[in-house]
Amino acid sequence: MSTTDYDAELDACGLYCPEPVMMLHSRISDVAPGKILRVIATDPSTTRDIPRFCHFLGHELVSQVEQGDQFIYLIRRGE
């Protein structure tokens, strides 16, 4: 995956619930509507929490991939 696939990044590796989603809530506001935020996390609870975050706040979960011990999400910011 190259940097052209996303516009900003949040590294939440080593953090545990609820910190990754709290950081995501703050960081997504720095991204313009329609742009992509890449989130990297190591907490397995993000596989539940980040899709819920997107659903309830109107953001699009473009992709969700597990690579080794990392969970990588691409989130398109909603309006």
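Throughout this document, residue positions are counted from 1 along each chain, in the order its sequence is written. Given that the model is predicted, a residue must reach a pLDDT of at least 70 before its local features are reported, and side-chain atom pairs must reach 80 or more before they are shown or counted; all residues, however, enter totals for whole chains, interfaces and linings. As a rule here, side-chain values come from all non-hydrogen atoms in the structure, and water together with hydrogens is ignored.

Visitor: Break down the sheet that holds strand β4 (residues 70–76) for me, with residues and values.
Guide: Any two strands between which DSSP finds at least two bridges are classified as paired. Secondary structure counts use DSSP, requiring at least four H or I residues in a row for a helix and at least two E residues in a row for a strand, with both numbered from the N terminus. Strand order in the open sheet formed by four strands is β1-β2-β4-β3, with mixed pairing between adjacent strands. What marks the edges here is a single partner per strand, and that holds for β1 (8–12) and β3 (60–67). When the angles between neighbouring strand axes are averaged without regard to direction, this sheet yields 15°. Two strands pair when backbone bridges link them, and β3 and β4 are joined in this way by seven bridges, in the antiparallel orientation. Residue pairing across strands places L61 opposite I75, the latter belonging to β4. By definition in these notes, contact holds between two residues if any of their heavy atoms fall within 4.5 Å. Here, axes are lines fitted to C-alpha atoms. For helices the fit covers the stretch in contact, and angles between N-to-C directions go from 0 to 180 degrees. Across the sheet, helix α1 (residues 19–28) lies against β1, β2 (36–41) and β4, angled at about 160° from β1, the strand it touches most.

Visitor: An account of the side chain of D43 is requested, with residue identities and associated values reported.
Guide: The topology assignment puts D43 in the loop between β2 and α2 (46–57). Here D43 occupies a buried position and makes no salt bridge, while the nearest side chain of opposite charge, R48, is found at 7.1 Å. Polar contact criterion, stated in full: a pair of N or O atoms within 3.5 Å, where within protein one must be able to donate a hydrogen and the other to accept it, and residues adjacent in sequence count only if both atoms are side-chain atoms. Among the polar contacts listed, one links the side chain of D43 to the backbone nitrogen of C17, at a separation of 2.7 Å. When sequence neighbours within four positions are dropped, the list of residues in contact with D43 reads L15, Y16, C17 and F71. The buried label applies to any residue whose accessible area, calculated with a 1.4 Å probe on protein chains only, is under 20% of its type's maximum; exposed applies above 50%, and partly exposed to all values in between. Think of it this way: Lys and Arg go in the positive column, Asp and Glu in the negative one, and His and the chain ends go nowhere. Salt bridge, as used here, is a side-chain nitrogen of Lys or Arg placed within 4 Å of a carboxyl oxygen of Asp or Glu.

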